[in-house]
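# Understanding the architecture of this molecule
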Amino acid sequence: MGTLSFLILFPLIVAGVLLVVRNDRARGVIVTVSAVAIAAGSIALAVQYLTGSAVHFEFESEAVSLAALGIDLLISLFIIFVGLKHKQYLAVALAAIQAAIVVWFDLGPAHAIVVENNLYVDTLSVIMALIIGIIGSGICVYAIGYMRDFAQHHADVPDRRPMFFAVMFLFLSAMFGVVFSNNLSWLFTAWEVTTVCSFLLIGYTRTPEATNNAFLQIVMNLAGGLGFAIAIAWIGTQFGTLELSGLISLGLSGAATVVPVLLLAFAAMTKAAQMPFHTWLLGAMVAPTPTSALLHSSTMVKAGVFLLLKLSPVLGLSLAGHWNVAGITVQLVGGVTFLMCSLAAITQSNAKRVLAYSTIANLGLITACAGIGTSEAVWAAIFLIIFHAAAKSLLFLCVGTAEHHIGSRDIEDMDGLFTSMPSLARFMVIGIAGMFIAPFGMLVSKWAALGAFVDSGNIILVFLLVFGSAATFFFWAKWLAKVTAIAGPASDLEASIRTEEWASIALMALLTVLAAVAFPLISSAVVVPYLGEIFPAVSLAISQGNLMIMAAMAALLAIILGSTLGRARASKRDLPVYMGGVGISEGVTAFSGSLGDATPASTRNWYLESYLGEGRLSRIGTVVSVVLLICGLAAALIFGSVM
């Protein structure tokens, strides 16, 4: 209980301190020390609870409940204020309606409901705490150096770093609140705090583009929050409980919980940027890179899939053999999102946009797994969360550092990265490999997901996964080829990379490799026992023996690649550029054209824009997902629990 309190309250206190600290050096020390303390706290929590059964804490406090209500109102008033200021009336309306529901319920029906266990910790919440505490904190350390460069490169943008770092730590605190709250009202408060934190970070520069994208995010997530608030009121008035664990128990016992479960899943899917709500995460790319890394790896979107996984037992197909409307809706929306966003990523050359589409697609896969709700699917989903968090944070940090030194985030401008930034290029290769190459965990987890889809009997999902995975291979392979291509001599651009950036990038690379090497251990000692507590029987698509073989292969690859780090430049030999006999001179990647003119040689990828088209795919996915959600909610209201 003490560790839980520390993880929720300590980042909150640090946020308050950082808000008033103006000295850059002092801020760096506070952020670094606090990040280490939070990471240590999450590890201490894992030592206590990672392999044990779920533990619930009574922690009854009227003061905390009143504080949660006060925070809900402050959030709504803040959104109404900024919405009126910027003439964003939809945001104003959603915030007002949400506030009215919360006040009515908290001051009315909620008073008659007794919540026995307000907080809890189980294996899944510990895994999330490790992701938040280690990866999230690592990103905060990375931001120290990055934001110094950002301030220098964007002299026209007022320096708001005190606010920036304060919101980063507030974000961590709210995320810990999300993963430890069993009281749905408390969970809702932490949930909405993450929405406001995202709004502030996305709109950091306060340019018209940043402000519009910040409001896009908050409108979509307020819609999800409205669904969350209605679900709480429904659960409280119909079932007399406010506990997440109580709702799941009611659902498994056959109670008619499909409507509130679908509303909670709706809120989770907006947070996880599933179609038709995916555009807010694409718009969030306007924010500084540490914000993108934080949103994608360890906070915001992970809150959405975390809630979906908590609901997975009641989303699954195990309700007496009937079709579960909520589960069917969730898995189809996730599957459609996975396919459409994987295809859309092929058309992108902007590295951050490729990462954004990749994140949305992988979240779609996790969402589909949660919708299936079997032990096999949830096993795959948990590992997808782990591997995605490590590899995606590594890639965002690499792209951010590369952008500051080569002046572009376009993949086509990464020619020669292996010569100009050899160590960074190697880290980037680890991140890309971790996303789509065996024996690293993402691909292995996708195999497990495919097995779960086949066993579920949902042929549509199998189709979506197979074609989506093929598209995934396409865009990652293109990027990998650009990074590893040697395009000739180039100047050393790594000398000016800040120490904090190197430390954070190395940490994420280490986590990516460690997660793959420890895959069989994490599965057998952590995830399988957890699944045994929530499912009557546990079946896996990949055997423990195969996991051990892949872990050994991952370790070997890591040793080979890691042995070249730091020695790349010392051992490098410059060879003359070979241009098939028509090169102009040694060391120059150009050749003599048919008219004798010097023509630079370069390699370019094919983006298939005329065939796929980002806008076309987005429209198709949006229409299909909207129809699925409307039909799912209508069926839930008409047929009650199951069909």
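Everything in this summary refers to the structure shown in the same document. For clarity, every value in this text was computed on a predicted model and none was experimentally measured.

### As for the overall build of the protein
Looking only at helices and strands, the protein has 24 helices and four strands in total. A compact globule built from 643 residues should have a C-alpha radius of gyration of about 26 Å, and the protein, at 24 Å, falls within 12% of that. Projecting the C-alpha coordinates of the protein onto the three principal axes gives extents of approximately 85 × 55 × 45 Å. Long-range pairs, those at least 24 residues apart, make up 83% of the contacts in the protein between residues at least 6 apart in sequence. Carbon and sulfur atoms make up 68% of the accessible area of the protein, which amounts to about 23,400 Å² in all. Computed over 28 positive and 31 negative side-chain charges, the inter-centroid distance for the protein is 8 Å.

### Here's the deal with helix α16 (residues 375–406)
For α16, with 32 residues, the first-to-last C-alpha span of 46 Å sits near the 46 Å given by 1.5 Å per residue. Extensive coverage of α16 is indicated by the burial of 31 of its 32 residues. Positive backbone phi, approximately 80 degrees, marks Gly407, located one or two places after α16.

### Examining the environment of Val36
Inspection of the secondary structure puts Val36 in helix α2 (residues 24–49). Relative accessible area serves as the criterion here: at 54%, Val36 is assigned to the exposed category. Linking Val36 and Gly138, residues 102 residues apart in sequence, is a C-alpha distance of 8.4 Å.

### Section: helix α22 (residues 519–534)
Counted at 1.5 Å a residue, the expected span for α22 with its 16 residues is 22 Å, and the 21 Å between its end C-alpha atoms agrees. Of all the bends in α22, the greatest, near 35 degrees, is centred on Val527, and the proline Pro529 appears no more than four residues after it. On its buried face, α22 sits against α5 (123–153), α13 (300–315), α16, α19 (441–456), α21 (499–517) and α23 (544–562).

### Details of the packing of helix α14 (residues 325–346) against helix α20 (residues 459–484)
Viewed as axis vectors pointing N to C, α14 and α20 meet at an angle of 25 degrees, and their least axial separation amounts to 8 Å. Here α14 lies roughly parallel to α20, going by the angle between them. Like other packed secondary-structure pairs, α14 and α20 cross with a definite hand, here left-handed. Between α14 and α20, the contacting residues are Gln331, Leu332, Gly335, Val336, Phe338, Leu339, Ser342, Leu343, Ala345 and Ile346 on the first element and Ile460, Leu461, Leu464, Leu465, Phe467, Gly468, Ser469, Ala471, Thr472, Phe474, Phe475 and Lys478 on the second. Class assignment of the residues belonging to the contact of α14 with α20 gives a composition of 15 nonpolar, six polar and one charged.

### Notes on the nonpolar core
Grouped together as the largest cluster of nonpolar side chains are 229 residues, with contacts concentrated most on Phe180, Ile382, Met428, Trp479 and Val483. Considering each element in turn, this core owes the most residues, 21 residues, to α16. Aside from chain neighbours lying at most four places away, what touches Met428 is Leu395, Cys398, Val399, Ala402, Met414, Leu417, Trp479 and Val483.

### Considerations on a negative patch on the surface
Taken together, the side chains of Glu58, Glu60, Glu62 and Glu116 make up a negatively charged region of the molecular surface. Mapped onto the elements of the fold, Glu116 is located in the loop between α4 (89–107) and β2 (119–121). We classify Glu116 as exposed; its relative accessible area is 53%.

Criteria and cut-off values
Residues numbered from 1 in each chain as written. Predicted model: local features only at pLDDT ≥ 70, side-chain atom pairs only at ≥ 80, totals over all residues. Heavy atoms only, no water. Helix = DSSP H or I, 4+ residues; strand = E, 2+ residues; numbered from the N terminus. Rg over C-alpha atoms; globule rule 2.2 N^0.38 Å. Contact = heavy atoms within 4.5 Å. Areas by Shrake-Rupley, 256 points an atom, 1.4 Å probe, with all protein chains shown as cover. Lys, Arg positive; Asp, Glu negative; His and termini not counted. Charge placed at Lys NZ, Arg CZ, Asp CG, Glu CD. Expected span 1.5 Å × (residues − 1). Buried < 20%, exposed > 50% of the residue type's maximum accessible area, 1.4 Å probe, protein only. Bend = angle between axes of the 7 residues up to and from the residue. Axes fitted to C-alpha atoms, helices over the stretch in contact; angles between N-to-C directions. Parallel < 35°, antiparallel > 145°, perpendicular 65-115°, else oblique. Left-handed = near helix turned anticlockwise from the far one by under 90°. Nonpolar A, V, L, I, M, F, W, Y, C, P; charged D, E, K, R; others polar. Core = buried A, V, L, I, M, F, W, Y, C linked by side-chain atoms within 4.5 Å. Patch = residues over 30% accessible without salt bridge, like charges linked within 9 Å, V, L, I, M, F, W, Y side chains within 5 Å. Salt bridge = Lys/Arg side-chain N within 4 Å of Asp/Glu carboxyl O.

Functional significance is not addressed by these values, which are geometric in nature.
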